Amino acid sequence: MKKILTAFSLIAIPFLANASSLTQLEGSFKVGPAIILLAILATFILVGLVHRAKDTTDYYAAGRKISVVSSGMAIGANWMSAASVLGMAGMMYLTGYNGLAYVVGWTGGYVLLLVLMAGQIRKYGKFTAPDFIGDRYYSQSLRGISAVFTILISFAYCVGQFGGVGLMFKWILGINYMWSVILGAAVVIFYTMISGMIGATKNMVIQYIIIIITFLIPTFLLTYKYDYFWLLPQFGYGTIVSDIVQGIPAPNISDGVALINAYGHNLALMPSPEFAMPWDPATGSTFFQWMAICFSLMIGTAGLPHVLQRFYITPTIKDARLSCVWGLFFICLLYWSAPIYSAFGKILSANPEVGNLASDAIVIYTAQLGGINPLIVGLLAAGAISAAFSTISGLLVAGSSAFAHDLYVKIINPNAKPKSQLLVARFGTILMGVTVGIVAMFNLGMIAQLVAVAFSMAACTIFPLFLLGIWWSGSNKAGGIAGMSVGVTLTVISIVYFLVGKSGGSLPGQEFITYWLNVWYFAWLGAPLAIVTNIVVSKLTKPTPIEIKKFLVENVHGG
């Protein structure tokens, strides 16, 4: 590790003198970042207007005319939410190795999708996840329940994204968190309501480019500045982890004064071996929790309605599979880089003058503490907002599609005209966006954790129905309802115990449920129970109709 650099002190001393102001989200209005933010917001709205949805096919499935690479970028942008760009680095900054459970779980989920579902989902030829479930299980009840859960899952996922938007608007514009959430919500609701899936997808391609460029540039600058292997920062940052684990000795003394080291510190960094250790007692996390989070996130990914809906928009089945491959590639570019911010953030924030930092904003703080040009930091914040916006728009479309297509058209008013369907979808977008914004103002938890709730919900309810519905023709209506009931029951128990605990109350077995069925990872039990229940009940009840079995063999598994 580099030792004392006297010349560096001329730069570091004035920088450290302003460290406190640099790391306050409630800072003043930042002109450069604000101009960048306004420019990208105007771009999103313009793209939404140009590619506005003209009919329900455009609104729900982008007219099924999105190319493979564009679809892959849209998948990447749709997936790289505020939880990926902000929350993932924040979890690793706070918990070290244990935060990698989110990286492994989310990435593994897309591999699962690629292998098990992408092509088959497109072959089945529906618009939404509830549409598939209602048709495959020949049940209006299941259609309705899955539509409600699609809305709830999208809602839970959205809360974390609005929180990320609020943090970034707060940092750039210098306004309080509540108004930041309101302003961000207004913009994304407006362009999503107009454009639907087609405009949202076009925007996602632009958003991905913004996200990945703005996220990667500071990693090169930071590793270059601090003399690590900057040509490939994803490898170079490993040395930083070693410095955190082993500690950095105090700088030498010159004339009775401690010099400043390369990080701008005049003190030692104490060893933190738990930063690189899985389920170390010092972290308060266990092996079970790490594995439960990985499992829940992985199968939850394969059950998220807004993710599944991405495979309905490609022209062909082959394109659905290829778009998943491209999407996984584009996602990994960012996931491979996120730990760099957590490691640099750990060292650069070690000075007591910096004070406590909000983990969810550590990506921005790290760039600031590393002395990155304010305009580049502004671009990074704009990339984080783009990530949140891209995911929010996908979630709003998924939620409003479930509301308009699966509840209103398929159940309430089957004779609804396309124009009224579009109107109801847009109303659903506004209603969901406004209610999510209100809940986001309560700041219930870290971004990545809030998002994890949606994954566990999806894993217990949607995933089992898709997995068995695609790959086992014996899964029938009774089995689907029984499996869904088990998943819903576990979901309700976990969320109720979480809310009671959050409010300071206690229910019987509170500690037991909080650990074993934690709201972030209760799917480790809920999903397998739902699958087993589906299989057992299907075996004991009336078989699946022959026409559905025939359709699965000829249209979904054939060719």
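This one's a predicted model, so the numbers in the text were calculated from it and none came from an experiment. (Residues numbered from 1 in each chain as written. Predicted model: local features only at pLDDT ≥ 70, side-chain atom pairs only at ≥ 80, totals over all residues. Heavy atoms only, no water.)

When helices and strands are counted, the chain shows 25 helices and two strands. Classification of the 559 residues of the chain by burial places 59% in the buried group. For the chain, the proportion of contacts with a sequence separation of at least 24, taken over those separated by at least 6, is 84%. Carbon and sulfur atoms provide 70% of the accessible area of the chain, an area that totals close to 20900 Å². (Helix = DSSP H or I, 4+ residues; strand = E, 2+ residues; numbered from the N terminus. Buried < 20%, exposed > 50% of the residue type's maximum accessible area, 1.4 Å probe, protein only. Contact = heavy atoms within 4.5 Å. Areas by Shrake-Rupley, 256 points an atom, 1.4 Å probe, with all protein chains shown as cover.)

For an α-helix the count is 3.6 residues per turn, leaving residues at separations of three or four pointing the same way. Here helix H17 (residues 338-348) lies mainly inside the structure; ten of its eleven residues are buried. Looking only at H17, the buried set comprises Ala338, Pro339, Ile340, Tyr341, Ser342, Ala343, Phe344, Gly345, Ile347 and Leu348.

Looking now at the packing of helix H6 (residues 82-95) against H17. Between H6 and H17, the shortest axis-to-axis distance is 8 Å and the interhelical angle comes to 40 degrees. One finds that H6 runs oblique with respect to H17. At the point where H6 passes H17, the crossing takes the right-handed sense. Residues Met88, Ala89, Met92 and Tyr93 of H6 form the contact with H17, whose own contacting residues are Ala338, Pro339, Tyr341, Ser342, Gly345 and Lys346. (Axes fitted to C-alpha atoms, helices over the stretch in contact; angles between N-to-C directions. Parallel < 35°, antiparallel > 145°, perpendicular 65-115°, else oblique. Left-handed = near helix turned anticlockwise from the far one by under 90°.)

This part is about a nonpolar patch on the surface. Judged by side-chain polarity, Phe220, Tyr224, Phe229, Trp230, Leu231, Phe235 and Trp336 come together as a nonpolar surface patch covering roughly 790 Å² of accessible area. Within the secondary structure, Phe235 sits in helix H12 (residues 233-236). (Patch = residues over 30% accessible without salt bridge, like charges linked within 9 Å, V, L, I, M, F, W, Y side chains within 5 Å. Salt bridge = Lys/Arg side-chain N within 4 Å of Asp/Glu carboxyl O.)

Here we take up the pattern of salt bridges. Charged atoms that come close allow side chains of opposite charge to pair. Under the counting rule described, the total for this entry stands at two salt bridges. Put simply, Arg143 and Asp406 hold a salt bridge, and the shortest N to O gap is 4.0 Å. Taken together, the residues span a long stretch of sequence, with Arg143 in helix H10 (residues 140-173) and Asp406 in helix H19 (residues 374-412) at a distance of 263 residues. Just as Arg143 is buried, Asp406 falls in that class too. By sharing partners, the salt bridges in this structure join Asp131, Arg143 and Asp406 into a single network.

Within the secondary structure, Ser538 sits in helix H24 (residues 523-540). Note on Ser538: relative accessible area 5%, which makes it buried. Among the polar contacts listed, one links the side chain of Ser538 to the backbone oxygen of Asn534, at a separation of 2.7 Å. Residues contacting Ser538, with those up to four places away along its chain left out, are Trp472, Gly474, Ser475, Asn476 and Gly479. (Polar contact = N/O pair within 3.5 Å; in protein donor to acceptor, adjacent residues only side chain to side chain.)

Interhelical geometry of H6 versus H19 gives an angle of 125 degrees and a closest axis separation of 7 Å. With respect to their mutual orientation, H6 and H19 come out oblique. Each of Ala82, Val85 and Leu86 in H6 lies in contact with H19, whose residues at this interface are Ala384, Ala387 and Ala388. Along the lines of polarity and charge, the residues of the contact of H6 with H19 split into six nonpolar, no polar and no charged. (Nonpolar A, V, L, I, M, F, W, Y, C, P; charged D, E, K, R; others polar.)

Despite not being glycine, Tyr138 has its phi angle at roughly 40 degrees, a positive value. Residue Asp227 is not a glycine yet carries a positive backbone phi of 65 degrees. Structurally, Asp227 is set in the loop between helix H11 (177-225) and H12.

The subject of this paragraph is the nonpolar core. Counting residues in hydrophobic clusters, the biggest one holds 158 residues, and the most contacted among them are Trp79, Trp106, Met117 and Phe466. Considering each element in turn, this core owes the most residues, 19 residues, to helix H21 (residues 447-471). Membership of the second largest hydrophobic core comes to six residues, among which are Ala404, Val409, Ala416 and Val424. (Core = buried A, V, L, I, M, F, W, Y, C linked by side-chain atoms within 4.5 Å.)

Summed over the entire model, instances satisfying the criterion amount to 26 aromatic pairs. Measuring from centroid to centroid gives 6.3 Å for Phe403 and Phe427, while their planes differ by 45 degrees, and the two rings are tilted. Here Phe403 is found in helix H19, whereas its partner Phe427 is found in helix H20 (residues 418-440), with 24 residues between them in sequence. Residue class for Phe427 comes out partly exposed when judged on its relative accessible area of 48%. Over the face of the ring belonging to Tyr137 we find Arg136, whose NZ or CZ atom lies 4.9 Å from the ring centre. A cation sits over an aromatic face here: Lys346 above Tyr93, 5.4 Å from the ring centre. (Phe/Tyr/Trp six-rings, centres within 6.5 Å; stacked < 30°, edge-to-face > 60°. Lys NZ or Arg CZ within 6 Å of the ring centre and 35° of its normal.)

Moving on: the environment of Ala387. Its location among the elements puts Ala387 in helix H19. Using a relative accessible area of 0% as the deciding quantity, one classes Ala387 as buried. Considered as a pair, Ala387 and Ser84 are 303 residues apart in the sequence and their alpha carbons are 8.2 Å apart. Excluding anything up to four places from it in sequence, Ala387 contacts Ala77, Met80, Ser81, Ala82, Val85 and Ile211.

We now examine the confidence of the model for the chain. On average, the chain scores 82 in pLDDT, and the residues at 70 or more come to 86%. Within the chain, the lowest mean pLDDT, 34, falls on helix H1 (residues 6-17), and the highest, 97, falls on H24. Ignoring residues within four places in sequence, the model shows residues 1-26, a span with pLDDT below 50, making 53 contacts including any to other chains. (pLDDT = per-residue confidence, 0-100.)

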